[in-house]
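A look at the structure
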Amino acid sequence: MRIARFTTGGDPRFALVDGEPGSEELVVISGDPIYMPVQPTGERIPVTDDVRFLSPVIPRSKIVGVGRNYADHAAEMGNELPVSPLLFFKPNTSVIGPDDPIVLPSWSADVHHEAELAVVIGKVTKEVTPDRALEHVFGFTVANDVTARDIQRSDDQWSRAKGFDGSCPLGPWVVPGLDVDDLAVLARVNGETKQDGRTADLVFDVPFLISYISQAFTLLPGDVILTGTPAGVGPVVHGDVVECEVEGIGVLRNPVLRRD
């Protein structure tokens, strides 16, 4: 099952995505599926140019990122592996959806892509054990943890480097019930593959991350966890098109724009 958030010019709505690539239809559902059971309205909408996919979730509370959670990425950045998950926040104002432009901030000259598996929380989660953690997940989507690398190096903490407007593309939809133990995580820039990793190589796996994070602060429905990025991160510049893909979910595509 794939759950999308979309608009055809009016208010955002949710739908199940039905059909094969190139011939999808949206099965419109009532309300927000994070908070109520999935109930089709009976309306079906072909996926045409009139349909605009939106970020499948706008976190009500927070986005929790996990740094250096792939050994190869930590090595390429010249860092040791953390002994426990390295956490940071991105505000919900950083979220954009599929095909929305990543607007490069004027104060950074070195912005990088970071393809990631993202976890969407579905229940209030506090001090959950790893063996029960997945019961609190609504589903999974694709994220791009866009990072101003020069600012990350110069600042003592990562809020500005990773939290600027447009630095968290999410999409194209949410997939509930996915087995995420060993999925491909890829990034392409202008069609050229830059990142090609697998979630089996996560230093800290998804159930452990949910449990660890929930010990520190309560996770709320709609909160998002970014699970880390594999090696191959690199710069994006004006005019580029970035595609982040997670096996079993889909492709998140965003153009890159620098305003004068």
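Refer to the structure printed above.
Let me begin by describing the structure that accompanies this report. Everything quoted here is computed from the prediction, not taken from an experiment.

**A few points about the overall build of the protein chain**
The secondary structure content of the protein chain amounts to 5 helices and 20 strands. The principal-axis extent of the C-alpha atoms belonging to the protein chain is close to 55 × 45 × 30 Å. When burial is assessed residue by residue, the protein chain has 55% of its 260 residues classed as buried. The contacts of the protein chain with a sequence gap of at least 6 include a subset with a gap of at least 24, amounting to 71%. For the protein chain, the computed accessible surface area is about 11300 Å², with 50% contributed by carbon and sulfur atoms. Counting 22 positive and 38 negative side-chain charges, the protein chain places the centres of these two groups 5 Å from one another.

**What about the side chain of His 112?**
For His 112, the position within the fold is in strand S10 (residues 111-113). At 3.2 Å, the side chain of His 112 and the side chain of Arg 149 are in polar contact. Apart from the residues within four sequence positions on either side, His 112 is in contact with Asp 145, Val 146, Thr 147, Arg 149, Val 233, Gly 234 and Pro 235.

**Side note on the packing of aromatic side chains**
Throughout the structure, instances matching the rule amount to 6 aromatic pairs. Both rings, one in Phe 89 and one in Phe 217, keep their centres 5.3 Å apart while their planes meet at 45°; by these two values the pair is tilted. Taken together, the residues Phe 89 in strand S7 (residues 86-90) and Phe 217 in the loop between helix H5 (206-216) and strand S17 (224-226) connect sequence positions 128 residues apart. Ring geometry for Phe 204 and Phe 208: centres 5.6 Å apart, planes at 20°, overall stacked. Overall, Phe 204 belongs to the buried group, its relative accessible area being 13%. A relative accessible area of 34% places Phe 208 in the partly exposed class. Between Arg 2 and the ring centre of Trp 173, over which it is positioned, the NZ or CZ distance is 5.1 Å.

Calculation criteria
Residues numbered from 1 in each chain as written. Predicted model: local features only at pLDDT ≥ 70, side-chain atom pairs only at ≥ 80, totals over all residues. Heavy atoms only, no water. Helix = DSSP H or I, 4+ residues; strand = E, 2+ residues; numbered from the N terminus. Buried < 20%, exposed > 50% of the residue type's maximum accessible area, 1.4 Å probe, protein only. Contact = heavy atoms within 4.5 Å. Areas by Shrake-Rupley, 256 points an atom, 1.4 Å probe, with all protein chains shown as cover. Lys, Arg positive; Asp, Glu negative; His and termini not counted. Charge placed at Lys NZ, Arg CZ, Asp CG, Glu CD. Polar contact = N/O pair within 3.5 Å; in protein donor to acceptor, adjacent residues only side chain to side chain. Phe/Tyr/Trp six-rings, centres within 6.5 Å; stacked < 30°, edge-to-face > 60°. Lys NZ or Arg CZ within 6 Å of the ring centre and 35° of its normal.

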